Structure formats: structure tokens, C-alpha cells
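# What the coordinates show
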Amino acid sequence: MNDMKLHKRILHILKDNLLFIITIIIVFLIFTIQIPYEVEMPGGTINLNNRVTIDGNDINVEGSYNMSYVATVNGSIPYILIGLINPDWEVVKTSEYVKDNESIEDYYNRNRIYLEQSKVFAEMSAYKAAGIEFKTTKQHNKIVYLTEESNSDLKIQDEIIKFGDIEEELTSDKIIEYIDSKQPGDEIDIVVERDNKEINCKAKVYEEDGENKIGMVVAIYYDIESDYNVEIKSKGSESGPSGGFMMSLMIYSGLTGKDLTHGKKIVGTGTINSEGKVGEIGGIKYKIMGAVKDKADIFLVPEDNYEEAKNFVDKKNYDIILVSVSKLEDAINYLEGLDE
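In short, a report on the structure. Everything numeric in this text was worked out from a predicted model, so none of it was measured.

Further remarks concern the packing of helix α4 (residues 104-130) against helix α6 (residues 244-256). Interhelical geometry of α4 versus α6 gives an angle of 40 degrees and a closest axis separation of 8 Å. Considered as vectors, α4 and α6 are oriented oblique to each other. Remark: the crossing between α4 and α6 carries right-handed chirality. From α4, Leu115, Ser118, Lys119, Ala122, Glu123, Ser125, Ala126, Tyr127, Ala129 and Ala130 reach across to α6, where they touch Gly244, Met247, Ser248, Ile251, Tyr252, Leu255 and Thr256. Partitioned by chemical class, the residues of the contact of α4 with α6 number ten nonpolar, five polar and two charged.

As C-alpha cells, this is what we get:
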């Protein structure tokens, strides 16, 4: 009898509050259902002073070296609506980030690998600029993308440790040469490291535009030996290669003992390769807005982004010094010249 009363009581409560309950469910769905868009907005800066250490010691400078970033959020309906009316936000299709035959998780994993690669290239370019000897030892070949045409059991993040009969000095040139030696339809045995285990995989060769391929893209980086122990810390949420240039500048400052900040907040963006070349990035206007918001004195921008950045700074009438760089030495020379 008590159970019957309780059941009727619950039904009565639900009936009296049905509209409220439906409203709560709708609001919950609006804020949680994801649609295939992302919203870009002004980001901020990441102070590298406490992120980079050499032989376990912080690099002490009067000012600061900072990476800039774009803030992005997944496309829930409220963010999409705000993004459509806010001139400082932009709604972007997820497909502009994610490649064909790639999931969102694959995209994030790809960019995490590129972050690790950028750390290695930042260290290499800083050593070269400082005139410090080092050597590369093991080469790492990590798979970052598999095309739709790929016919294999490889996975993103696999590290190739044997390709066909090539195991020692497994370079990209040797991999390409080995694929070229095969015929379309041939299978190649590939041993990869996956989750700390060796896995035997196969990939079928196919022809595209007159070239033999197996449909994989590999990110290459190295283990480095030197007289210094450089460590670059990053958070799990961080990814991508666009901080490489500022990392290299920070490492260079620590290796040489030169404080190039002159007490100023130096912010910048750009990829870096092993030779110190600074590469183009996306979202430059959002990075500039974030730098201005965080009161940056100088913004170092890749040469290929400079015209867009200059037009945007002029349009917004921002009080920030914009400096174009094509290589690490450009930034070093400019900042050293602040003494004069």
C-alpha cells in the first residue's frame, strides 16, 4: 500500500513539474551536444620562464619569453551562436582542422606528436645558434596520419622500428626508397612500437600520380646528446608545433647566458625546424589579441604572417611592437640590438 502511495506521489510531482523538467533537459542538451564546428577566439600567452630548464635550473631573465596561443572551444550551440555575432570570434568547420579519414582524437594525437617534434627542433636550432656541439642519436619515426587509401593495420602514434628489411638507420629516404622498389599490390612487413609493445603490421603498396605509396605521414625527430640537459615542460592540453620558435629563443638565452628580454615581455609564435627556420602559423590575429590583452611589449611574428599581422595591428591601433622573423637569428639580432 505504501509503495502504491509513493508511486502516485512521484507521478504527481512529475506531472506538476513536467515543463520545468523538459526545460532542464533541453538546456542540458543545448550545452552538451557537439556539432562539427569549433569556435576560435583571442587566446593569451604562456610564460616560458618556468617551463624551460637547463641542467635542472630555471633560466633567469629580467623580463619574460612567452608563447602565444589561440583559444578554441568545441562547437556547442551557445558558443556557435555567440561566435556568429561576436566580431572577435570565428566559427570554423571541424573539417578545416581534421583531415579526411581522421577522427578528432587522431587530430589531437597528431598535434601532440608535432609538439614533441617541435621541442627537439627547438633544442637543435638553439644549439646551432649558440655554437654548441651536439649530436643526434636515435631517429624516431612516428605515424601522424593515415590516408583513406591506406590499406594497412598501422595506427596513429605507432613508432616504426623496422620497415621491410630495414632496421638500422631507419631514415625517411630509406623508407621511400624501399617503397619505390616494390610493385603496386605488394605487401610490406612493418614492425612498430605500440603501447610499449612490438607489433607486426602489414601495409599494401598502391600507385598514385605515378608514385608508389602506402598512405602514411610520418613525423621525424631525434634523441639528442650534448653537455646540457634541456627540459621543456608542457601541459597535457597543449599540442601543436607553433610554440617551437619561442622555445628555441628561450633555450638559446639559457645556453648563452644572454638576457635578450631587457626587462620586456617578449611574445611570439611560429614553428621551428632543425636549422632554425621560423615557419608560418594559423590564427595570427587571435594570438595578437591575446598578446595585447596580456600587455606584451614586443610580438615576434613569422615573416609569412607579417603582412596579415601588420594590417591587423594597424586596424586595431594596437600599441605593440611587431617584428618579422624568418629564422631564429633574426630574433636574436633584433633583441640584441635593443641595447643600442
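Moving on: the sheet that holds strand β13 (residues 230-232). Through backbone hydrogen bonds, the strands of a sheet pair up, either in parallel or in antiparallel fashion. Spatially, β3-β2-β13 is the arrangement adopted by the three strands of the open sheet, whose pairing is antiparallel. Both edges of this open sheet fall to β3 (57-58) and β13, since each of them pairs with a single strand only. Direction of pairing for strand β2 (residues 52-54) relative to β3: antiparallel, over a ladder of two bridges. Bridge pairing links Ile54 to Asn57 in β3. The strands that α6 touches are β2 and β13; relative to β2, the one it contacts most, it runs at about 30 degrees.

For the rest of this paragraph, the subject is the nonpolar core. Of all hydrophobic cores here, the largest spans 43 residues; its most connected members are Phe245, Met246, Leu249, Ile251 and Leu300. In this structure Leu249 touches Tyr65, Leu260, Leu300, Leu328, Ala331, Ile332 and Leu335, once residues within four positions along its chain are discounted. Core analysis: the next-biggest nonpolar cluster, separate from the first, contains 19 residues, Phe163, Val192, Cys201 and Ala203 among them.

A word on the layout of surface pockets. Space inside the largest pocket adds up to approximately 1,300 Å³. Taken together, 47 residues line the largest pocket, and the ones lying closest to its centre are Val70, Tyr107, Ser239, Gly240 and Ser242. Of all the secondary structure elements, the ones that give two or more residues to the lining of the largest pocket are β1 (34-47), β4 (64-76), β5 (90-93), α4, α7 (284-293) and α8 (303-316). Ranked by the residues each element gives to the lining of the largest pocket, the list is headed by β4, at eight residues. Per-class residue counts for the lining of the largest pocket are 18 nonpolar, 15 polar and 14 charged. Looking at the second largest pocket, its volume works out to about 340 Å³. In terms of lining residues, the second largest pocket is bounded by 17 residues, among which Ile175, Ile176, Ile179, Ile214 and Met216 are the most central.

Here is what the cut-offs are and how they apply
Numbers given for residues are sequential positions, taken from 1 along each chain in its written order. Local features in this predicted model are restricted to residues of pLDDT 70 or higher, and side-chain atom pairs are both shown and tallied only at a pLDDT of 80 or more, whereas totals for entire chains, interfaces and linings draw on every residue. Calculation of side-chain values draws on the structure's entire complement of heavy atoms; hydrogens and water are dropped beforehand. Each axis is a line fitted through C-alpha atoms, taken for helices only over the stretch in contact, and angles between the N-to-C directions span 0 to 180 degrees. Put simply, DSSP H or I for four residues or longer makes a helix, DSSP E for two residues or longer makes a strand, and each gets a number counted from the N terminus. Roughly parallel means an angle under 35 degrees; roughly antiparallel means over 145; roughly perpendicular covers 65 to 115; every other angle is labelled oblique. Helix crossings get a hand from a simple test, with the near helix turned counterclockwise from the far one by less than a right angle marking a left-handed crossing and a clockwise turn marking a right-handed one. Residue contacts follow a heavy-atom distance rule, with two residues in contact if any of their heavy atoms lie within 4.5 Å. Classification used: nonpolar for Ala, Val, Leu, Ile, Met, Phe, Trp, Tyr, Cys and Pro, charged for Asp, Glu, Lys and Arg, polar for all others including Gly. Strand pairing is assigned whenever DSSP identifies at least 2 bridges connecting the two strands. Only buried residues count toward a nonpolar core, which is a set of Ala, Val, Leu, Ile, Met, Phe, Trp, Tyr and Cys residues joined through side-chain atoms within 4.5 Å. Between buried and exposed lies partly exposed: a residue is buried under 20% and exposed over 50% of the maximum accessible area for its type, with that area taken using a 1.4 Å probe on protein chains only. Of the two site types, the cavity is a set of points on a 1 Å grid over the protein atoms alone where a 1.4 Å probe fits but cannot get out, and the pocket is an open set with protein on both sides within 12 Å along at least five of seven lines, each lined by residues with an atom within 4 Å of a point. Grid points are joined across faces, edges and corners, and a volume is the space filled by probe spheres set on the points.

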